[in-house]
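Chain residues, written in single-letter form:
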Amino acid sequence: GYTTLTLNGTSGSLLDFEVNGTHTGEIYADGTTVFGIQAIGSRALNFKTNNTERMRITNSGVIQSTNGTTTSEWYPSGGVQYFGTSTNHPIQFFTNNSNAMRLDSSGNLLVGKTSSDTLGTAGHELHNSGMAHHTRATGTVLYLNRTGDDGNIIDLRKDNTTVGSIGAYGGASYIGGNTNGSIYF
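Residues numbered from 1 in each chain as written. Predicted model: local features only at pLDDT ≥ 70, side-chain atom pairs only at ≥ 80, totals over all residues. Heavy atoms only, no water.

Trainee: Please explain the pattern of salt bridges as it appears in this structure.
Mentor: When the charged atoms of two side chains lie near each other, side chains of opposite charge can form a pair. Under the defined criterion, the tally for this structure stands at 5 salt bridges. Its salt-bridge partner being Glu125, residue Lys113 comes within 2.8 Å of it at the nearest N-O pair. Of the two residues, Lys113 sits in the loop between strand 11 (109-111) and strand 12 (123-126) while Glu125 sits in strand 12, which places them 12 residues apart along the sequence. This pair shows no difference in class: Lys113 is buried, exactly as Glu125 is. Residue Lys158 is joined to Asp159 by a salt bridge in which the shortest nitrogen-to-oxygen separation is 2.9 Å. Under the relative-accessibility criterion, Asp159 is labelled exposed at 65%. (Salt bridge = Lys/Arg side-chain N within 4 Å of Asp/Glu carboxyl O. Helix = DSSP H or I, 4+ residues; strand = E, 2+ residues; numbered from the N terminus. Buried < 20%, exposed > 50% of the residue type's maximum accessible area, 1.4 Å probe, protein only.)

Below, the structure written as structure tokens:
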């Protein structure tokens, strides 16, 4: 059977922990909606399995989890929620236990693939250098749709100056340069 430990009291600390006479933590409740565990002072709250730390909540509110090699962190700061790794490892998103998206350690966003610079693998890569790769085995790879008036759909630039464009005019498409006119199809 099981042994039951019952702590009974009013709201506040139900069980205090001390080390060498110093209050280090407590288990507390307010009697209605809150039950908590608290590390006191500058201490972190650590969680271990098999005597190995797996998760920590620092005294500044940073939540860290680790497998001993990779450490992830999430925390709010200045109105922004941060999530990432504090080690040189990618962040992997998955659905139905399959790869869906990855942010690699170089800052490249990969959708449907796990490594960058693989044009032979279906998926999308948005590189932190501004380059994009889109690969598909069959069918159209990229759709661009202008739903309003006629005009440029793609604006080609060199040093932020327009040097050409691809667009739609009067139900037709055109390829245009800024000095040689346009070709209509």
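Having seen the structure, we can now continue with the description.
Trainee: In this structure, what is going on with the sheet that holds strand 10 (residues 98-103)? I would like to understand it.
Mentor: As summarised here, the arrangement of the 5 strands in space is 9-10-11-12-13, forming an open sheet in which the pairing is antiparallel. Either end of the sheet is taken by a strand with one partner, and the two such strands are strand 9 (91-95) and strand 13 (132-135). Across the sheet, the mean angle separating the axes of adjacent strands is 15° when strand polarity is ignored. With 3 bridges connecting them, strand 11 and strand 12 associate as antiparallel partners. (Pairing = 2+ DSSP bridges. Axes fitted to C-alpha atoms, helices over the stretch in contact; angles between N-to-C directions.)

Trainee: Any chance you could explain the sheet that holds strand 2 (residues 22-29) here in plain terms?
Mentor: Adjacent strands of a sheet form backbone hydrogen bonds with each other and so pair up, either parallel or antiparallel. An order of 1-2-3 is seen for the 3 strands of this open sheet, with the pairing classed as antiparallel. Only two strands of the sheet have a single neighbouring strand rather than two, namely strand 1 (12-19) and strand 3 (35-39). Between one strand axis and the next, the sheet turns by 20° as a mean value, whatever way the strands run. As defined by bridge partners, strand 1 adjoins strand 2 across 7 bridges and the pair is classed as antiparallel.

Trainee: Explanation requested: the side chain of Asn108 in the structure shown.
Mentor: With respect to the helices and strands, the residue Asn108 is situated in the loop between strand 10 and strand 11. Under the relative-accessibility criterion, Asn108 is labelled buried at 6%. For Asn108, the side chain forms a polar contact with the main-chain nitrogen of Asn128, separated by 2.9 Å. Discounting residues that sit within four places of it in the chain, Asn108 has contacts with Arg102, Leu103, Ser116, Leu126, His127 and Asn128. (Polar contact = N/O pair within 3.5 Å; in protein donor to acceptor, adjacent residues only side chain to side chain. Contact = heavy atoms within 4.5 Å.)

Trainee: In this structure, what is going on with a nonpolar patch on the surface? I would like to understand it.
Mentor: Where nonpolar side chains cluster on the molecular surface, the patch consists of Leu156, Val163, Ile166, Ile175 and Ile183 and spans about 390 Å² of accessible area. Topologically, Leu156 is positioned in strand 14 (residues 151-158). The partly exposed category is assigned to Leu156, whose relative accessible area is 38%. (Patch = residues over 30% accessible without salt bridge, like charges linked within 9 Å, V, L, I, M, F, W, Y side chains within 5 Å. Areas by Shrake-Rupley, 256 points an atom, 1.4 Å probe, with all protein chains shown as cover.)

Trainee: Got a minute to help me understand the side chain of Glu26 in this structure?
Mentor: In this structure, Glu26 sits in strand 2. Buried and unpaired, Glu26 has Arg43 as its nearest opposite-charge partner, separated by 11 Å. Of the polar contacts made by the side chain of Glu26, one reaches the side chain of His23; its length is 3.5 Å. With near-sequence residues (within four places) excluded, Glu26 lies in contact with Ser13, Leu15, Asp16, Phe17, Gly36, Ile37, Gln38 and Ile40. (Lys, Arg positive; Asp, Glu negative; His and termini not counted.)

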